[in-house]
Amino acid sequence: MASANDERGFTQSPAELFEVSLVVNGVPRTARVPARRLLSDVLRHDLLLTGTHVGCEHGVCGACTVLVDGVAVRSCLMLAVTADGAQVTTVEGLTRPDGTLSPVQQAFADCHGLQCGFCTPGFLTTITAALEENPQPSETQAREIIGGNLCRCTGYQNIVKAVLRAAELRAGELRAGEQRAGELRAAGVQAAELRAADWGTGQSRSPADSEAAS
Amino acid sequence: MKPPQFGYSRPLSVAEALADLAAAAPDGKVLAGGQSLLPLLNMRLAAPAHLVDINRIAELGYATVDDGEVVIGALARHAQVLADQAVCRAQPLIGQALALVAHPVIRNRGTTVGSIVHADPAGEMTAVLALLGGSVLLEGTGGKRLVKAKEFFHGPLESDVGPDELATQVRVPVLAARAGCAFAEVSRRHGDYAVCGVAALVELDDGGGIRRARAAYLSVAGTPLVLDLTEAGADVAAAARLAMAQVAPTADIHATAAYRRHLAGVLTERALAGALAHARERSGG
(Lines give C-alpha, C1' and ligand atoms only; values in the text may rest on other atoms or scores of the structure.)
Protein backbone atom coordinates (compact mmCIF):
# COMPACT_ATOMS: atom_id res chain seq x y z
CA MET A 1 0.00 0.00 0.00
CA ALA A 2 1.39 3.37 -1.05
CA SER A 3 2.11 6.10 1.48
CA ALA A 4 0.13 9.31 1.49
CA ASN A 5 3.06 11.14 0.05
CA ASP A 6 2.90 9.63 -3.41
CA GLU A 7 0.70 11.28 -6.03
CA ARG A 8 -2.06 8.77 -5.74
CA GLY A 9 -2.09 9.01 -1.97
CA PHE A 10 -3.96 5.78 -1.24
CA THR A 11 -4.42 5.53 2.50
CA GLN A 12 -6.90 3.63 4.57
CA SER A 13 -5.80 5.41 7.70
CA PRO A 14 -8.09 8.38 8.37
CA ALA A 15 -5.40 9.86 10.63
CA GLU A 16 -2.94 10.19 7.73
CA LEU A 17 -2.01 13.80 6.97
CA PHE A 18 -1.73 15.18 3.45
CA GLU A 19 0.45 18.05 2.34
CA VAL A 20 -1.84 20.48 0.51
CA SER A 21 -0.26 23.24 -1.59
CA LEU A 22 -2.41 26.12 -2.74
CA VAL A 23 -1.69 29.51 -4.28
CA VAL A 24 -4.06 31.70 -2.29
CA ASN A 25 -4.54 35.25 -3.57
CA GLY A 26 -1.23 34.92 -5.41
CA VAL A 27 0.73 33.66 -2.39
CA PRO A 28 1.93 30.01 -2.23
CA ARG A 29 0.64 28.39 0.98
CA THR A 30 0.80 24.86 2.37
CA ALA A 31 -1.01 22.98 5.10
CA ARG A 32 -0.77 19.44 6.48
CA VAL A 33 -4.31 18.22 6.94
CA PRO A 34 -6.37 15.02 7.14
CA ALA A 35 -8.37 14.09 4.02
CA ARG A 36 -11.62 15.08 5.72
CA ARG A 37 -10.59 18.75 6.13
CA LEU A 38 -12.83 21.04 4.08
CA LEU A 39 -11.28 23.73 1.90
CA SER A 40 -13.28 26.31 3.89
CA ASP A 41 -11.64 25.13 7.12
CA VAL A 42 -8.13 25.10 5.63
CA LEU A 43 -8.63 28.71 4.53
CA ARG A 44 -10.03 29.85 7.87
CA HIS A 45 -8.25 27.66 10.44
CA ASP A 46 -4.96 26.65 8.84
CA LEU A 47 -4.25 29.75 6.75
CA LEU A 48 -6.13 32.17 9.04
CA LEU A 49 -7.95 33.80 6.14
CA THR A 50 -11.19 34.40 7.98
CA GLY A 51 -12.75 36.55 5.27
CA THR A 52 -14.35 33.41 3.86
CA HIS A 53 -17.45 32.89 5.99
CA VAL A 54 -19.06 29.57 6.80
CA GLY A 55 -22.83 29.60 7.15
CA CYS A 56 -24.62 26.31 6.56
CA GLU A 57 -21.75 23.94 5.73
CA HIS A 58 -23.88 21.98 3.31
CA GLY A 59 -23.85 24.09 0.19
CA VAL A 60 -27.09 26.00 0.62
CA CYS A 61 -26.12 29.50 1.77
CA GLY A 62 -23.20 30.35 -0.53
CA ALA A 63 -21.31 32.38 2.12
CA CYS A 64 -18.17 30.25 1.72
CA THR A 65 -17.90 30.71 -2.06
CA VAL A 66 -14.32 31.15 -3.29
CA LEU A 67 -12.72 30.98 -6.73
CA VAL A 68 -10.75 27.79 -7.45
CA ASP A 69 -8.73 28.21 -10.64
CA GLY A 70 -10.99 31.15 -11.45
CA VAL A 71 -14.23 29.20 -11.03
CA ALA A 72 -16.69 30.01 -8.22
CA VAL A 73 -17.20 27.00 -5.94
CA ARG A 74 -18.54 26.28 -2.47
CA SER A 75 -15.45 25.82 -0.29
CA CYS A 76 -17.54 23.84 2.24
CA LEU A 77 -18.30 21.27 -0.46
CA MET A 78 -14.71 20.69 -1.50
CA LEU A 79 -12.06 18.74 0.34
CA ALA A 80 -8.77 20.60 0.67
CA VAL A 81 -6.95 17.51 -0.68
CA THR A 82 -9.05 17.72 -3.84
CA ALA A 83 -8.00 21.36 -4.29
CA ASP A 84 -4.29 20.53 -3.87
CA GLY A 85 -2.29 22.46 -6.49
CA ALA A 86 -5.08 24.95 -7.27
CA GLN A 87 -5.10 28.75 -7.42
CA VAL A 88 -7.61 30.03 -4.88
CA THR A 89 -9.03 33.54 -4.66
CA THR A 90 -10.83 34.50 -1.48
CA VAL A 91 -12.56 37.76 -0.64
CA GLU A 92 -9.24 39.03 0.73
CA GLY A 93 -7.81 38.69 -2.77
CA LEU A 94 -10.41 40.91 -4.45
CA THR A 95 -9.07 44.19 -3.07
CA ARG A 96 -6.26 45.73 -5.12
CA PRO A 97 -2.74 45.62 -3.64
CA ASP A 98 -2.95 49.37 -2.93
CA GLY A 99 -6.13 48.85 -0.92
CA THR A 100 -8.52 50.09 -3.60
CA LEU A 101 -11.80 48.20 -3.58
CA SER A 102 -12.57 46.02 -6.61
CA PRO A 103 -15.52 47.11 -8.79
CA VAL A 104 -17.82 44.57 -7.10
CA GLN A 105 -16.77 45.68 -3.60
CA GLN A 106 -17.16 49.36 -4.53
CA ALA A 107 -20.60 48.65 -6.00
CA PHE A 108 -21.73 46.98 -2.76
CA ALA A 109 -20.65 50.08 -0.84
CA ASP A 110 -22.29 52.42 -3.36
CA CYS A 111 -25.60 50.55 -3.47
CA HIS A 112 -25.86 49.53 0.21
CA GLY A 113 -25.64 45.89 -0.87
CA LEU A 114 -24.80 44.73 2.65
CA GLN A 115 -26.02 45.14 6.19
CA CYS A 116 -24.55 42.68 8.69
CA GLY A 117 -21.96 41.54 6.13
CA PHE A 118 -21.96 37.85 6.98
CA CYS A 119 -23.03 36.69 3.53
CA THR A 120 -21.08 39.40 1.69
CA PRO A 121 -17.81 37.52 0.97
CA GLY A 122 -19.77 34.82 -0.86
CA PHE A 123 -21.70 37.37 -2.89
CA LEU A 124 -18.53 39.28 -3.81
CA THR A 125 -16.67 36.19 -5.05
CA THR A 126 -19.71 34.79 -6.88
CA ILE A 127 -20.40 38.09 -8.66
CA THR A 128 -16.73 38.67 -9.48
CA ALA A 129 -16.54 35.33 -11.31
CA ALA A 130 -19.93 35.79 -12.99
CA LEU A 131 -18.96 39.20 -14.44
CA GLU A 132 -15.87 37.62 -16.01
CA GLU A 133 -18.22 35.30 -17.90
CA ASN A 134 -20.98 37.83 -18.57
CA PRO A 135 -19.70 41.41 -18.26
CA GLN A 136 -23.09 43.01 -19.07
CA PRO A 137 -25.80 41.07 -17.24
CA SER A 138 -29.46 42.05 -17.50
CA GLU A 139 -31.43 42.43 -14.28
CA THR A 140 -32.85 38.92 -14.74
CA GLN A 141 -29.35 37.56 -15.23
CA ALA A 142 -28.16 39.47 -12.17
CA ARG A 143 -30.84 37.67 -10.13
CA GLU A 144 -29.79 34.32 -11.62
CA ILE A 145 -26.15 35.06 -10.71
CA ILE A 146 -26.95 35.56 -7.03
CA GLY A 147 -29.66 32.86 -6.91
CA GLY A 148 -27.45 30.49 -4.92
CA ASN A 149 -26.51 32.96 -2.18
CA LEU A 150 -28.65 33.68 0.85
CA CYS A 151 -28.85 37.07 2.57
CA ARG A 152 -31.11 37.52 5.58
CA CYS A 153 -30.75 41.31 5.89
CA THR A 154 -31.02 43.20 2.64
CA GLY A 155 -33.97 41.64 0.86
CA TYR A 156 -31.68 41.34 -2.17
CA GLN A 157 -32.90 44.43 -4.03
CA ASN A 158 -29.74 46.41 -3.35
CA ILE A 159 -27.58 43.40 -4.14
CA VAL A 160 -29.19 43.15 -7.58
CA LYS A 161 -28.48 46.88 -8.04
CA ALA A 162 -24.88 46.28 -6.93
CA VAL A 163 -24.41 43.57 -9.58
CA LEU A 164 -25.50 46.00 -12.30
CA ARG A 165 -23.42 48.83 -10.80
CA ALA A 166 -20.37 46.54 -10.57
CA ALA A 167 -20.71 45.74 -14.27
CA GLU A 168 -20.65 49.49 -15.04
CA LEU A 169 -17.65 50.15 -12.79
CA ARG A 170 -15.79 47.20 -14.23
CA ALA A 171 -16.46 48.28 -17.82
CA GLY A 172 -15.31 51.81 -16.92
CA GLU A 173 -12.10 50.44 -15.45
CA LEU A 174 -11.40 48.36 -18.53
CA ARG A 175 -12.02 51.40 -20.76
CA ALA A 176 -9.71 53.54 -18.62
CA GLY A 177 -7.05 50.84 -18.79
CA GLU A 178 -7.29 50.68 -22.56
CA GLN A 179 -7.20 54.44 -22.87
CA ARG A 180 -4.10 54.61 -20.72
CA ALA A 181 -2.47 51.87 -22.80
CA GLY A 182 -3.30 53.87 -25.95
CA GLU A 183 -1.73 57.02 -24.52
CA LEU A 184 1.41 55.16 -23.52
CA ARG A 185 1.58 53.57 -26.95
CA ALA A 186 1.28 56.99 -28.57
CA ALA A 187 4.12 58.17 -26.36
CA GLY A 188 6.28 55.38 -27.80
CA VAL A 189 6.34 53.10 -24.78
CA GLN A 190 7.29 49.54 -25.76
CA ALA A 191 5.09 46.51 -25.23
CA ALA A 192 7.06 45.11 -22.27
CA GLU A 193 6.90 48.41 -20.41
CA LEU A 194 3.24 48.68 -21.31
CA ARG A 195 2.49 45.31 -19.70
CA ALA A 196 4.41 46.35 -16.60
CA ALA A 197 2.39 49.55 -16.50
CA ASP A 198 -0.90 47.70 -16.79
CA TRP A 199 -2.45 48.81 -13.54
CA GLY A 200 -4.69 46.50 -11.64
CA THR A 201 -6.91 45.40 -14.51
CA GLY A 202 -4.28 42.89 -15.64
CA GLN A 203 -6.02 39.90 -14.05
CA SER A 204 -9.32 40.47 -15.71
CA ARG A 205 -7.98 41.17 -19.20
CA SER A 206 -8.15 38.49 -21.82
CA PRO A 207 -5.09 37.44 -23.86
CA ALA A 208 -6.74 39.12 -26.84
CA ASP A 209 -6.73 42.45 -24.96
CA SER A 210 -3.07 42.07 -24.16
CA GLU A 211 -2.39 41.31 -27.82
CA ALA A 212 -4.21 44.44 -28.84
CA ALA A 213 -2.22 46.45 -26.35
CA SER A 214 1.14 45.18 -27.59
CA MET B 1 -21.04 19.84 10.29
CA LYS B 2 -17.70 18.30 9.34
CA PRO B 3 -17.24 15.06 7.39
CA PRO B 4 -16.54 11.93 9.41
CA GLN B 5 -13.13 10.32 9.02
CA PHE B 6 -12.38 8.24 5.94
CA GLY B 7 -9.48 6.71 4.05
CA TYR B 8 -8.66 8.54 0.86
CA SER B 9 -7.00 8.15 -2.52
CA ARG B 10 -6.82 10.24 -5.66
CA PRO B 11 -6.09 7.90 -8.56
CA LEU B 12 -4.74 9.25 -11.85
CA SER B 13 -6.38 6.70 -14.15
CA VAL B 14 -9.56 4.64 -14.38
CA ALA B 15 -7.53 1.45 -13.77
CA GLU B 16 -6.11 2.89 -10.55
CA ALA B 17 -9.56 4.05 -9.45
CA LEU B 18 -11.00 0.57 -10.01
CA ALA B 19 -8.13 -0.99 -8.03
CA ASP B 20 -8.76 1.45 -5.17
CA LEU B 21 -12.52 0.75 -5.20
CA ALA B 22 -11.86 -3.00 -5.18
CA ALA B 23 -9.44 -2.60 -2.26
CA ALA B 24 -11.95 -0.51 -0.32
CA ALA B 25 -15.08 -2.55 -1.19
CA PRO B 26 -17.74 -2.75 0.09
CA ASP B 27 -17.27 0.52 2.01
CA GLY B 28 -15.68 2.68 -0.66
CA LYS B 29 -17.38 5.63 -2.31
CA VAL B 30 -16.50 7.63 -5.41
CA LEU B 31 -15.99 11.39 -4.98
CA ALA B 32 -16.49 13.39 -8.19
CA GLY B 33 -18.04 16.87 -7.94
CA GLY B 34 -19.07 16.25 -4.34
CA GLN B 35 -22.10 18.55 -4.49
CA SER B 36 -24.36 15.79 -3.16
CA LEU B 37 -21.80 13.62 -1.37
CA LEU B 38 -20.16 16.40 0.69
CA PRO B 39 -23.49 17.59 2.17
CA LEU B 40 -24.27 13.97 3.05
CA LEU B 41 -20.86 13.65 4.72
CA ASN B 42 -21.09 17.03 6.47
CA MET B 43 -24.51 16.12 7.86
CA ARG B 44 -23.20 12.65 8.79
CA LEU B 45 -25.88 10.95 6.75
CA ALA B 46 -23.15 8.95 5.02
CA ALA B 47 -19.93 7.58 6.49
CA PRO B 48 -17.98 5.63 3.85
CA ALA B 49 -14.74 4.04 5.08
CA HIS B 50 -12.85 5.19 1.99
CA LEU B 51 -13.24 7.90 -0.65
CA VAL B 52 -11.85 7.42 -4.14
CA ASP B 53 -11.42 10.96 -5.46
CA ILE B 54 -11.60 10.82 -9.28
CA ASN B 55 -11.00 14.55 -9.80
CA ARG B 56 -7.47 13.91 -11.12
CA ILE B 57 -8.65 11.58 -13.90
CA ALA B 58 -8.77 14.31 -16.55
CA GLU B 59 -9.56 11.81 -19.31
CA LEU B 60 -13.10 11.45 -17.88
CA GLY B 61 -13.93 15.15 -18.35
CA TYR B 62 -15.55 14.96 -21.77
CA ALA B 63 -18.95 15.48 -23.40
CA THR B 64 -19.30 14.54 -27.07
CA VAL B 65 -21.78 13.53 -29.74
CA ASP B 66 -20.90 10.14 -31.17
CA ASP B 67 -22.88 8.02 -33.64
CA GLY B 68 -26.36 9.17 -32.68
CA GLU B 69 -25.65 9.42 -28.97
CA VAL B 70 -24.52 12.09 -26.56
CA VAL B 71 -21.74 10.63 -24.44
CA ILE B 72 -20.83 12.30 -21.14
CA GLY B 73 -17.76 11.30 -19.13
CA ALA B 74 -17.74 10.90 -15.35
CA LEU B 75 -15.85 14.13 -14.72
CA ALA B 76 -17.78 16.46 -17.06
CA ARG B 77 -19.19 19.24 -14.85
CA HIS B 78 -22.80 20.37 -15.34
CA ALA B 79 -21.58 23.83 -16.38
CA GLN B 80 -19.28 22.34 -19.00
CA VAL B 81 -22.05 20.17 -20.51
CA LEU B 82 -24.52 23.08 -20.43
CA ALA B 83 -22.04 25.31 -22.28
CA ASP B 84 -21.35 22.64 -24.92
CA GLN B 85 -23.34 23.80 -27.93
CA ALA B 86 -22.83 20.61 -29.94
CA VAL B 87 -24.21 18.50 -27.09
CA CYS B 88 -27.16 20.80 -26.38
CA ARG B 89 -28.02 21.03 -30.09
CA ALA B 90 -27.89 17.26 -30.52
CA GLN B 91 -30.11 16.64 -27.48
CA PRO B 92 -31.78 19.90 -26.36
CA LEU B 93 -33.40 18.23 -23.34
CA ILE B 94 -29.95 18.07 -21.72
CA GLY B 95 -29.56 21.85 -21.84
CA GLN B 96 -33.19 22.44 -20.81
CA ALA B 97 -32.73 20.21 -17.77
CA LEU B 98 -29.23 21.36 -16.77
CA ALA B 99 -30.35 24.99 -16.62
CA LEU B 100 -32.67 23.87 -13.78
CA VAL B 101 -30.02 21.90 -11.86
CA ALA B 102 -29.30 23.82 -8.64
CA HIS B 103 -27.41 27.12 -9.02
CA PRO B 104 -24.57 28.16 -11.35
CA VAL B 105 -21.94 27.79 -8.61
CA ILE B 106 -23.09 24.23 -7.82
CA ARG B 107 -23.10 23.45 -11.57
CA ASN B 108 -19.46 24.58 -11.76
CA ARG B 109 -18.46 21.65 -9.61
CA GLY B 110 -21.21 19.01 -9.78
CA THR B 111 -20.92 16.34 -12.46
CA THR B 112 -23.74 15.15 -14.70
CA VAL B 113 -22.81 11.48 -14.36
CA GLY B 114 -22.48 11.92 -10.59
CA SER B 115 -25.98 13.34 -10.24
CA ILE B 116 -27.39 10.38 -12.20
CA VAL B 117 -25.49 7.86 -10.07
CA HIS B 118 -26.71 9.70 -6.95
CA ALA B 119 -30.21 8.64 -8.13
CA ASP B 120 -32.08 11.37 -6.29
CA PRO B 121 -35.73 11.17 -7.40
CA ALA B 122 -35.72 14.99 -7.41
CA GLY B 123 -32.74 15.08 -9.79
CA GLU B 124 -33.41 16.52 -13.23
CA MET B 125 -30.78 14.40 -14.99
CA THR B 126 -32.18 11.13 -13.66
CA ALA B 127 -35.47 11.99 -15.39
CA VAL B 128 -33.61 12.88 -18.60
CA LEU B 129 -31.82 9.52 -18.61
CA ALA B 130 -35.08 7.65 -17.95
CA LEU B 131 -37.15 9.55 -20.52
CA LEU B 132 -34.59 9.23 -23.31
CA GLY B 133 -33.91 5.56 -22.52
CA GLY B 134 -30.20 6.21 -22.04
CA SER B 135 -27.66 3.97 -20.41
CA VAL B 136 -24.80 4.09 -17.91
CA LEU B 137 -21.43 2.41 -18.49
CA LEU B 138 -20.19 0.75 -15.32
CA GLU B 139 -16.61 -0.43 -15.04
CA GLY B 140 -15.12 -2.71 -12.42
CA THR B 141 -11.98 -4.78 -12.10
CA GLY B 142 -14.06 -7.68 -13.46
CA GLY B 143 -15.07 -5.86 -16.67
CA LYS B 144 -17.60 -3.40 -18.10
CA ARG B 145 -21.36 -3.46 -18.38
CA LEU B 146 -23.79 -1.08 -20.00
CA VAL B 147 -26.94 -0.71 -17.90
CA LYS B 148 -30.19 0.62 -19.39
CA ALA B 149 -31.95 3.43 -17.54
CA LYS B 150 -34.90 1.13 -16.82
CA GLU B 151 -32.65 -1.23 -14.82
CA PHE B 152 -30.37 1.47 -13.40
CA PHE B 153 -32.55 3.12 -10.74
CA HIS B 154 -33.47 0.89 -7.80
CA GLY B 155 -34.91 3.44 -5.36
CA PRO B 156 -34.23 6.81 -3.72
CA LEU B 157 -30.42 7.29 -3.77
CA GLU B 158 -30.01 3.66 -4.87
CA SER B 159 -28.70 2.68 -8.26
CA ASP B 160 -27.28 -0.40 -9.91
CA VAL B 161 -23.66 0.66 -9.33
CA GLY B 162 -21.83 -2.02 -7.34
CA PRO B 163 -19.46 -1.06 -4.50
CA ASP B 164 -16.43 -1.90 -6.66
CA GLU B 165 -17.75 -0.20 -9.80
CA LEU B 166 -17.20 3.24 -11.32
CA ALA B 167 -19.78 4.81 -13.65
CA THR B 168 -17.42 6.10 -16.33
CA GLN B 169 -19.95 7.48 -18.80
CA VAL B 170 -23.60 8.12 -19.55
CA ARG B 171 -25.07 7.75 -23.04
CA VAL B 172 -28.37 9.18 -24.29
CA PRO B 173 -29.74 9.17 -27.85
CA VAL B 174 -29.76 12.45 -29.76
CA LEU B 175 -33.16 14.03 -30.45
CA ALA B 176 -34.77 12.35 -33.48
CA ALA B 177 -35.98 14.29 -36.49
CA ARG B 178 -39.61 15.46 -36.07
CA ALA B 179 -39.26 15.22 -32.29
CA GLY B 180 -39.35 17.92 -29.63
CA CYS B 181 -38.72 18.14 -25.91
CA ALA B 182 -39.30 20.45 -22.96
CA PHE B 183 -38.71 20.57 -19.21
CA ALA B 184 -40.94 22.26 -16.64
CA GLU B 185 -40.70 22.25 -12.87
CA VAL B 186 -41.92 24.03 -9.77
CA SER B 187 -39.61 24.65 -6.83
CA ARG B 188 -40.08 26.78 -3.73
CA ARG B 189 -37.20 29.01 -4.78
CA HIS B 190 -35.40 29.10 -8.13
CA GLY B 191 -32.65 26.47 -8.04
CA ASP B 192 -34.07 24.51 -5.11
CA TYR B 193 -35.10 20.88 -5.41
CA ALA B 194 -38.22 20.61 -7.51
CA VAL B 195 -41.46 19.90 -5.65
CA CYS B 196 -42.46 18.35 -8.96
CA GLY B 197 -40.93 18.41 -12.42
CA VAL B 198 -41.81 17.02 -15.83
CA ALA B 199 -39.63 16.29 -18.84
CA ALA B 200 -41.61 15.69 -22.04
CA LEU B 201 -40.70 14.14 -25.37
CA VAL B 202 -42.99 14.23 -28.41
CA GLU B 203 -42.44 12.61 -31.81
CA LEU B 204 -44.57 13.64 -34.77
CA ASP B 205 -45.60 11.42 -37.69
CA ASP B 206 -45.31 12.52 -41.33
CA GLY B 207 -48.74 14.15 -41.21
CA GLY B 208 -47.88 16.24 -38.14
CA GLY B 209 -49.91 14.05 -35.76
CA ILE B 210 -48.54 12.67 -32.52
CA ARG B 211 -46.68 9.40 -33.11
CA ARG B 212 -45.46 9.10 -29.56
CA ALA B 213 -45.64 11.26 -26.43
CA ARG B 214 -43.95 10.44 -23.15
CA ALA B 215 -43.12 12.29 -19.98
CA ALA B 216 -40.81 11.66 -17.02
CA TYR B 217 -41.64 12.88 -13.51
CA LEU B 218 -39.41 14.16 -10.70
CA SER B 219 -40.23 13.92 -7.01
CA VAL B 220 -43.40 11.82 -7.36
CA ALA B 221 -41.86 8.35 -6.87
CA GLY B 222 -38.71 6.75 -5.52
CA THR B 223 -37.27 6.45 -9.00
CA PRO B 224 -37.86 8.55 -12.13
CA LEU B 225 -41.36 7.70 -13.39
CA VAL B 226 -41.90 7.55 -17.17
CA LEU B 227 -45.47 7.63 -18.52
CA ASP B 228 -46.66 7.03 -22.08
CA LEU B 229 -49.19 9.76 -22.91
CA THR B 230 -49.56 9.01 -26.63
CA GLU B 231 -53.28 8.15 -26.40
CA ALA B 232 -54.14 11.73 -25.44
CA GLY B 233 -52.81 12.94 -28.80
CA ALA B 234 -52.34 16.69 -29.06
CA ASP B 235 -54.87 17.30 -26.24
CA VAL B 236 -52.48 18.34 -23.48
CA ALA B 237 -55.30 18.74 -20.94
CA ALA B 238 -56.30 15.11 -21.53
CA ALA B 239 -52.65 14.10 -21.17
CA ALA B 240 -52.53 15.96 -17.85
CA ARG B 241 -55.57 14.05 -16.58
CA LEU B 242 -53.96 10.81 -17.72
CA ALA B 243 -50.78 11.68 -15.82
CA MET B 244 -52.64 12.69 -12.65
CA ALA B 245 -54.46 9.35 -12.65
CA GLN B 246 -51.18 7.45 -12.82
CA VAL B 247 -48.86 9.28 -10.41
CA ALA B 248 -48.91 8.25 -6.74
CA PRO B 249 -46.82 10.84 -4.92
CA THR B 250 -46.29 10.86 -1.16
CA ALA B 251 -46.41 13.83 1.20
CA ASP B 252 -43.36 15.35 2.89
CA ILE B 253 -42.52 18.64 4.58
CA HIS B 254 -42.35 20.40 1.19
CA ALA B 255 -45.72 19.42 -0.23
CA THR B 256 -48.79 17.27 0.32
CA ALA B 257 -49.47 14.32 -1.96
CA ALA B 258 -52.51 16.10 -3.42
CA TYR B 259 -50.50 19.21 -4.26
CA ARG B 260 -47.82 17.11 -5.95
CA ARG B 261 -50.46 15.34 -8.02
CA HIS B 262 -51.94 18.70 -8.98
CA LEU B 263 -48.50 19.93 -10.04
CA ALA B 264 -47.92 16.77 -12.06
CA GLY B 265 -51.02 17.68 -14.08
CA VAL B 266 -50.18 21.35 -14.55
CA LEU B 267 -46.57 20.64 -15.44
CA THR B 268 -47.55 17.84 -17.85
CA GLU B 269 -49.62 20.40 -19.77
CA ARG B 270 -46.78 22.91 -19.80
CA ALA B 271 -44.03 20.48 -20.73
CA LEU B 272 -46.09 18.66 -23.37
CA ALA B 273 -47.21 21.94 -24.97
CA GLY B 274 -43.56 23.04 -25.03
CA ALA B 275 -42.37 19.76 -26.51
CA LEU B 276 -45.14 19.83 -29.12
CA ALA B 277 -44.23 23.38 -30.18
CA HIS B 278 -40.57 22.39 -30.30
CA ALA B 279 -41.33 19.34 -32.47
CA ARG B 280 -43.44 21.41 -34.87
CA GLU B 281 -40.73 24.04 -35.10
CA ARG B 282 -38.10 21.39 -35.85
CA SER B 283 -40.22 19.76 -38.55
CA GLY B 284 -40.84 23.09 -40.23
CA GLY B 285 -44.27 24.09 -38.97
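Residues numbered from 1 in each chain as written. Chains lettered and ligands numbered in written order. Predicted model: local features only at pLDDT ≥ 70, side-chain atom pairs only at ≥ 80, totals over all residues.

Caption draft 1: Spatial organisation of the pairing of strand β3 (residues 65–68) of chain A. Residues and elements named next belong to chain A. The alternating pattern of β3 places Thr65 and Leu67 on one face and Val66 and Val68 on the opposite face, and all of these are buried. Where β3 meets strand β4 (residues 71–74), four bridges bridge the pair, whose relative direction is antiparallel. Considered in β4, the bridge of Thr65 is made with Arg74. Across two bridges, the pairing between β3 and strand β5 (residues 87–89) is antiparallel. Considered in β5, the bridge of Leu67 is made with Thr89. (Buried ≥ 20, exposed ≤ 12 C-beta atoms within 10 Å, placed from the backbone. Helix = DSSP H or I, 4+ residues; strand = E, 2+ residues; numbered from the N terminus. Pairing = 2+ DSSP bridges.)

Caption draft 2: Expanded view of the packing of helix α4 (residues 120–133) of chain A against helix α6 (residues 157–186) of chain A. Residues and elements named next belong to chain A. One can describe the packing of α4 onto α6 by two numbers: an axis separation of 11 Å at closest approach and a directional angle of 45°. It follows from the interaxial angle that α4 and α6 lie oblique. Handedness of the α4/α6 crossing: right-handed. Facing α4, whose interface residues are Phe123, Ile127 and Leu131, α6 presents Ile159, Val163, Ala166, Ala167 and Arg170. Partitioning the contact of α4 with α6 into residue classes produces seven nonpolar, no polar and one charged. (Axes fitted to C-alpha atoms, helices over the stretch in contact; angles between N-to-C directions. Parallel < 35°, antiparallel > 145°, perpendicular 65-115°, else oblique. Left-handed = near helix turned anticlockwise from the far one by under 90°. Contact = placed C-beta atoms within 7 Å. Nonpolar A, V, L, I, M, F, W, Y, C, P; charged D, E, K, R; others polar.)

Caption draft 3: Region of interest: the environment of Thr112 of chain B. Residues and elements named next belong to chain B. Assignment of secondary structure puts Thr112 in helix α7 (residues 112–118). Judged by the 32 C-beta atoms lying within 10 Å of it, Thr112 is buried. Each C-alpha atom, one on Thr112 and one on Val128, is 11 Å from the other, the two residues being 16 residues apart in sequence. Not counting residues up to four positions away in its chain, the partners in contact with Thr112 are Ile72, Ala76, His78, Val81, Met125 and Val170.

Caption draft 4: Representation of the sheet that holds β3 of chain A in the model. Residue and element names in this part refer to chain A. Strand order across the open sheet formed by five strands is β2-β1-β5-β3-β4, with mixed pairing between neighbours. Looking at strand neighbours, the two that pair on one side only are β2 (27–34) and β4, the edges of this open sheet. Strand-to-strand twist of the sheet, defined as the mean angle between neighbouring strand axes without regard to direction, takes the value 40°. In the sheet, strand β1 (residues 17–24) pairs with β2 via eight bridges, with the strands oriented antiparallel. Its bridge partner being in β2, Val20 is matched across the sheet by Ala31. Against the sheet, helix α1 (residues 39–46) makes contact with β1, β2 and β3, and its axis sits at roughly 110° relative to β2, the strand it touches most. In this fold α4 packs onto β3, β4 and β5, with an angle of close to 40° to the strand it touches most, β3.

Caption draft 5: Spatial organisation of the interface of chain A and chain B. On the chain B side, the residues contacting the 28 residues of chain A number 32 residues. Mapped onto the side of chain A that touches chain B, the elements with two or more residues apiece are β4 and α2 (80–83) of chain A. Looking at the side of chain A that touches chain B element by element, the count peaks at four residues for β4 of chain A. In terms of residue class, the side of chain A that touches chain B is built from 11 nonpolar, 12 polar and five charged.

Caption draft 6: Representation of the domain arrangement of chain A in the model. Residues and elements named next belong to chain A. Along its sequence, chain A is organised into domain 1 (17–91) and domain 2 (103–200). Across the contact, 15 residues belong to domain 1 and 11 residues belong to domain 2. Listed by contribution, the elements that provide at least two residues to the side of domain 1 that touches domain 2 are β3 and β4. A total of three residues in the side of domain 1 that touches domain 2 trace back to one element, the largest contributor, which is β3. When the residues that make up the side of domain 1 that touches domain 2 are grouped by side-chain class, the tally is eight nonpolar, seven polar and no charged. (Domains from an automatic or database assignment.)

Caption draft 7: Fine view of the pairing of strand β12 (residues 194–204) of chain B. Residue and element names in this part refer to chain B. With 11 of 11 residues buried, β12 lies mostly within the body of the structure. When strand β11 (residues 179–187) meets β12, the two strands line up antiparallel, connected through nine bridges. The partner of Gly180 across the bridge, within β12, is Val202. Remark: six residues form the turn of the hairpin made by β11 and β12, two consecutive strands paired antiparallel; Gly191 in that turn has positive phi of roughly 95°. Where β12 lies against strand β13 (residues 210–218), eight bridges are found, and the strand directions are antiparallel. Following the sheet pairing, Ala199 is matched in β13 by Ala216. Linking two consecutive strands that pair antiparallel, namely β12 and β13, is a turn of five residues; a positive phi of about 90° is found at Gly208 within it.

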